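Breakdown of the fold
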Amino acid sequence: MLQTIRERAQGWIAWAIVILISVPFALWGIQSYLGVGSEPVVANVNGVEITQRELDRRYQDLRLRLREQLGAAYRPELFEDKKMRTQVLDSMIRDTLLQQVAYELGLRASDQELRGAILGNPAFQRDGRFDNAAYERTLELQGMSPPQYEEGLRQRIVGSQLERALMASELATDAELAQAVRLQSQQRNVSYVQLPKSGFVTEDPIPDEDIRAFYDANPARFETPERVKIQYLVLDASELGSTDAPSEDELRALYESEIERFSEPERRRVRHILITVSADADDAAQEAAKSRLDEIRTRIEGGEDFAAIAKELSEDPGSAGQGGDLGSIEAGIMDPAFDQAAFALEKDVLSQPVRTQFGYHLIQVTEIEGGGVKPLAAVLEQLVAEMTKRGSEGQFFDMAERLANLAYESPDSLAPAAEELGLELQTSDWVGRAGGEGILSNRKVIAAAFSDEVLRQGLNSDLIEPELNALQAVVLRVMEHEEASAKPLDEVRDEIVAVLRDQRAAEAALSAAQSMVQQLESGAALADAAGGHEVSEAGLIGRDAPDIPPAVADLTFSMARPAADVASYGSTSLANGDAVVVVVSNVVDGSSEGIGDAELARQRAGFKRTIAATYYDDLLADLQTRAKIERKPLDDESTE
């Protein structure tokens, strides 16, 4: 058959077919080379393109951070996908503009800055020190390579340099600071009346249409939470079978390779008698001091007590009172001449006079401890435990790698991995985003269970390490999934009625407070307008007054400054629904007089940061106004 095709594939017809086939391939190759149509672009900032892939990656990073920060409270349905994508794109456009300006100004991130930022990141550390394995593993979980991460980090460092430069260059004049202190430290004389909403609750019937409207307007409030049943495997180093006991040769090799660990420094308890003489003393003075010490040595050898003589004659104020005792010392601590003599003496033997920079010493060693190397037999149990632990850790990491590979190779089942590794295949009861018990309470495990790949695509999860420093790993898959569903209206009717009555009581209380303000503005006395409600006299308060409701403080400092002999009035609602009427009768401005230099410097620094932040926002707005920015409409499609 092939021979027939070969014989007939001759002449101009065959060549025409070849040319027709070649043209699209050639054009495809040119298009690939030129990059035409290679990646969709969502924005162009002064000629710099932001691709759909970059936006997707940044968006996924944001969602991962939200999952980490919110934990069980994370509910993807509460976040509007398109709105979040738009916000992420806005952020990317701002970052691109800042990087362009930073590069134009000659700002760069050095390798040393980059290295410092990586080494100082707690996510890449184990036991407080940078760990390269943790670094690579963390990036792998984020779907990034080290070069990708480092390039993005370098860009963020450059972008932050401009912000820091702007912050550092801002000035705050004395007049500006005085004005800021005047307002920030201002105090206001306040009285207020609280109207509890409980006094406005009625038993009036709530119309059905109001109940239905509230139910329709708050679907998330009346939902049965989303939940899943999870099948999972847990690999725990503490539950692995014991490894083979290390051989005697292995133990000896480890002992010899780390013998310094088992060396004990020699320690000697030493006492001395010092006759002081300066380092530049003449020969006569030195000879006199030495002669005195020789006499003392003769007395001790004749049977007199060393400690008693030291207390009487030693000129070392630190040890004389203790009979010359210096305690236990190690080699290298004392003066070299003293040190050499002390570690050359036999126990209880008196030295000859020893010259140091302080004078002449008579030295005696009373105890000798340590020294030498612990024998293998003394540390055998320790070495066996260490080698066994190393073997268990090696076994764990080997099995963890195999578990990850097996879960990936059979993405629709965990049974092959369980069978090959001898792990128990476990299945949970229903679990919501708040988590369950045991390993299912871990936020990383729950985040994986509700991830796109596991929940929507039905795949096995990647290998999960619940705790960074624990030798434990988990893979899971979702067996059953129930979407969040709305409770029937009849089931939540009483709850809605209670809420609506509560809301209407709060509205009635606020309306009564507003009427009270009108009476006060018409000249009524506060006690009369308050009726039976208590008047609270707060007196002079600052902006952060701790003893009054925050809403009262906020309203107090947003109200107009009272005129002479005429108070200012206002009303608002508290967080619990109660209403309040606020009366401001006097204002006392703050002053920098009496403020210490340190506190004034702190306030100046805070004021500078506030001004710089405002200018920074203005800079961003100006950059965006003058930049050539082209945006493509975003798809409404959600990736959740």
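Attention in this report is confined to the structure presented alongside it. As the structure is a computational prediction, the values presented were derived from the model and not from experiment.

Of the regular secondary structure elements, the protein chain holds 21 helices and 18 strands. By residue count, 34% of the 640 residues in the protein chain fall in the buried class. Sequence-distant contacts in the protein chain: of pairs separated by 6 or more residues, those separated by 24 or more amount to 73%.

Strands pair in a sheet through their backbones, by hydrogen bonds, and they do so in one of two ways: parallel or antiparallel. Pairing in this open sheet of 4 strands is antiparallel, and the strands run β9-β8-β11-β10 from one edge to the other. In the strand order of this sheet, the two ends are held by β9 (325-330) and β10 (354-356), each with one partner. The average undirected angle you get between the axes of adjacent strands in this sheet is 45°. For strand β8 (residues 267-276) and β9, the ladder comprises 5 bridges, and the chain directions are antiparallel. Note on β9: the bridge partner recorded for Arg269 is Ser328. Its contacts with the sheet place helix α11 (residues 283-301) against β8, β10 and β11 (359-369), and it is angled at close to 40° to β11. Across the face of the sheet, helix α12 (residues 306-313) comes into contact with β8 and β11 while running at roughly 40° to β8.

Right, let's get into the sheet that holds strand β18 (residues 629-631). Taken together, 3 strands build an open sheet; the order of strands is β2-β1-β18 and the sheet is antiparallel. A strand with exactly one partner marks an edge of an open sheet, and here the two such strands are β2 (48-51) and β18. For this sheet, the mean inter-axis angle between neighbouring strands, taken without regard to orientation, is 15°. Summarising the sheet, strand β1 (residues 41-45) and β18 pair through 3 bridges and their orientation is antiparallel. For Asn44, the partnering residue across the bridge sits in β18 and is Glu630.

Here the focus is the packing of aromatic side chains. In this description, an aromatic ring pair is defined by two values, namely the gap between the centres and the angle between the planes. Inspection of every chain in the model, using the stated rule, returns 6 aromatic pairs. Considering the side-chain rings of Phe124 and Tyr149, the 5.6 Å spacing of their centres and the 90° angle between planes classify their relative orientation as edge-to-face. Taken as a pair, Phe124 in the loop between α5 (111-119) and β3 (125-126) and Tyr149 in helix α7 (residues 146-169) lie far apart in primary sequence, 25 residues in all. Tyr149 carries the same exposure label as Phe124, and that label is buried. The structure contains a cluster of three or more aromatic residues connected by ring pairs, namely Phe124, Phe130, Tyr135 and Tyr149. Sitting over the face of the ring of Tyr360, Arg355 holds its NZ or CZ atom 5.3 Å from the ring centroid.

The next subject is the side chain of Thr96. Among the secondary structure elements, Thr96 is positioned in helix α4 (residues 81-104). Residue class for Thr96 comes out buried when judged on its relative accessible area of 11%. With residues up to four places along the chain from it excluded, the contact list for Thr96 reads Val45, Val48 and Ile50.

Tracing the chain through its elements places Asn132 in helix α6 (residues 132-141). C-alpha of Asn132 to C-alpha of Leu119: the two residues are 13 residues apart in sequence and 9.5 Å apart in space.

This part covers unusual backbone geometry. Although it is not a glycine, Asn46 adopts a positive phi angle of roughly 50°. Secondary-structure assignment places Asn46 in the loop between β1 and β2. Look at Asn46 and you get partly exposed, because its relative accessible area is 39%. Positive phi outside glycine occurs at Asp348, with the angle close to 65°. On the basis of relative accessibility, which here comes to 48%, the residue Asp348 falls in the partly exposed class.

A surface patch of negative charge is lined by Asp282, Asp283, Glu287, Asp294 and Glu295. Relative to the assigned elements, Asp282 resides in the loop between β8 and α11.

Moving on: the pattern of salt bridges. Summed over all chains, the structure comprises 24 salt bridges. Across the salt bridge formed by Arg299 and Glu312, the nearest N and O atoms sit 4.0 Å from each other. Highlighted residues: Arg299 in helix α11 and Glu312 in helix α12, separated in sequence by 13 residues. Here Arg602 and Glu599 are joined by a salt bridge, their closest N and O atoms 2.6 Å apart. In this pair, Arg602 and Glu599 both sit in helix α21 (residues 597-626), 3 residues apart, roughly one turn of the helix. Of the residues examined, Arg602 reaches a relative accessible area of 52% and is grouped as exposed.

A few words on the layout of surface pockets. Of the pockets and cavities examined, the second largest pocket occupies roughly 260 Å³. As for the second largest pocket, its lining consists of Leu177, Ala180, Val181, Leu183, Gln184, Ser185, Glu599, Arg602, Gln603, Gly606, Phe607 and Thr610. Element by element, the count of residues in the lining of the second largest pocket is highest for α21, at 6 residues. Along the lines of polarity and charge, the residues of the lining of the second largest pocket split into 5 nonpolar, 5 polar and 2 charged.

On to the nonpolar core. Soluble, globular proteins show a tendency: their nonpolar side chains are buried together. Among the nonpolar cores identified, the biggest contains 21 residues, and Val42, Ile50, Leu55, Leu89, Ile93, Leu97 and Leu98 are the most heavily contacted of them. Mapped onto this core, the elements with two or more residues apiece are β1, α3 (52-70), α4 and α21. Among the elements that take part in this core, α4 stands out by supplying 8 residues, more than any other. In terms of nonpolar packing, the next biggest core, distinct from the first, is built from 18 residues, Val228, Ile464, Val474 and Leu476 among them.

This paragraph deals with the pairing of β11. Across the 11 residues of β11, 8 count as buried, placing the element largely inside the fold. The sheet contact formed by β8 and β11 spans 10 bridges and is antiparallel. Across the sheet, residue Val270 finds its bridge partner in β11, namely Val365. Of the pairings in the sheet, the one linking β10 to β11 comprises 3 bridges and is antiparallel in character. Note on β11: the bridge partner recorded for Thr356 is Gly359. Hairpin connection between β10 and β11: a loop of 2 residues separates the two successive antiparallel strands.

The rules behind each value
Residues numbered from 1 in each chain as written. Predicted model: local features only at pLDDT ≥ 70, side-chain atom pairs only at ≥ 80, totals over all residues. Heavy atoms only, no water. Helix = DSSP H or I, 4+ residues; strand = E, 2+ residues; numbered from the N terminus. Buried < 20%, exposed > 50% of the residue type's maximum accessible area, 1.4 Å probe, protein only. Contact = heavy atoms within 4.5 Å. Pairing = 2+ DSSP bridges. Axes fitted to C-alpha atoms, helices over the stretch in contact; angles between N-to-C directions. Phe/Tyr/Trp six-rings, centres within 6.5 Å; stacked < 30°, edge-to-face > 60°. Lys NZ or Arg CZ within 6 Å of the ring centre and 35° of its normal. Patch = residues over 30% accessible without salt bridge, like charges linked within 9 Å, V, L, I, M, F, W, Y side chains within 5 Å. Areas by Shrake-Rupley, 256 points an atom, 1.4 Å probe, with all protein chains shown as cover. Salt bridge = Lys/Arg side-chain N within 4 Å of Asp/Glu carboxyl O. Lys, Arg positive; Asp, Glu negative; His and termini not counted. Charge placed at Lys NZ, Arg CZ, Asp CG, Glu CD. 1 Å grid on protein atoms, 1.4 Å probe; cavity = no way out; pocket = protein on both sides within 12 Å on 5 of 7 lines; lining within 4 Å. Points joined across faces, edges and corners; volume = space filled by probe spheres on them. Nonpolar A, V, L, I, M, F, W, Y, C, P; charged D, E, K, R; others polar. Core = buried A, V, L, I, M, F, W, Y, C linked by side-chain atoms within 4.5 Å.

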